[in-house]
Amino acid sequence: KREFDKILQQVMIGLGFTEIKSLMLTSELQHYTKLNREIEDERITVAQPITQDRTMIRKSLINSLLEFLENNKHEELPQKIFEIGDVAYINTAKETQMDTVKKLAAAQISTDANFTSIKSALESFVANMGFSMTLEDSEDPTFIQWRCAKFEAKASDESLPFTFKGYFGEISPEVLTNFELEYPTIVFEIEFAEKQ
């Protein structure tokens, strides 16, 4: 697993992104409300949270990236960041009652960030990993309408033990305001799965 993380890191650094690390714990406000998403019942909550901003385990890395950009507004543009981290989903069939899944997410904030530039960054990542991808339109309240898409990636080398899928797009003005960001921001998120 560490070797795989290293490959992901090298590819992303090669594309000009800087790695960040954040906590797995977040809050419903940061994870759902500020991203214009409905709070889901299917989430893992902390029984006795110590603080109000650490009440659940994340299912996505996107809000962590936007929080980082919000905290670094004083830095020069463009800023290009990525994170490789675990998220958790409820799975009542397992003894632990949850699945831990690896994700990779990237964000860029700049005066000229747009849908085409995040699509290009994602295509470069997919090609560098030796995969090809198929796209499909997507609607997501976190993104500007018609500037968001889902994708699935398949390896040309059938021996690779994993596949991945995800989404990308241009963050909506409302979400930018929620995170106090003043410039166009684009993101993609990838979820890795081992082949069955």
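The shown structure was predicted, so the numbers you read here are calculated from the model rather than taken from an experiment. (Residues numbered from 1 in each chain as written. Predicted model: local features only at pLDDT ≥ 70, side-chain atom pairs only at ≥ 80, totals over all residues. Heavy atoms only, no water.)

A. The arrangement of the environment of Thr18 in detail. One can find Thr18 in strand 1 (residues 18-19). For Thr18 and Asp112, which are 94 residues apart along the polypeptide, the C-alpha to C-alpha distance reads 19 Å. Excluding residues within four positions of it along the chain, Thr18 makes contact with Lys80, Ile81 and Phe82. (Helix = DSSP H or I, 4+ residues; strand = E, 2+ residues; numbered from the N terminus. Contact = heavy atoms within 4.5 Å.)

B. Focus on the pairing of strand 6 (residues 131-137). Where strand 6 meets strand 7 (residues 143-155), seven bridges bridge the pair, whose relative direction is antiparallel. In the sheet register, Met133 faces strand 7, and the bridge partner there is Ala153. Following strand 6, the chain reverses through five residues before pairing antiparallel with strand 7. (Pairing = 2+ DSSP bridges.)

C. View of helix 1 (residues 2-14). Here helix 1 is 13 residues long and its end C-alpha atoms lie 18 Å apart, about the 18 Å a rise of 1.5 Å per residue gives. When helix 1 is considered as a whole, its buried residues turn out to be Phe4, Leu8, Val11 and Met12. When helix 1 is viewed along its axis, its buried side chains cluster within an angular range of 95° and face the same direction. Among the exposed residues of helix 1, those oriented more than 90 degrees off its buried face are Arg2, Glu3, Gln10, Ile13 and Gly14. (Expected span 1.5 Å × (residues − 1). Buried < 20%, exposed > 50% of the residue type's maximum accessible area, 1.4 Å probe, protein only. Arc of directions from axis to C-beta.)

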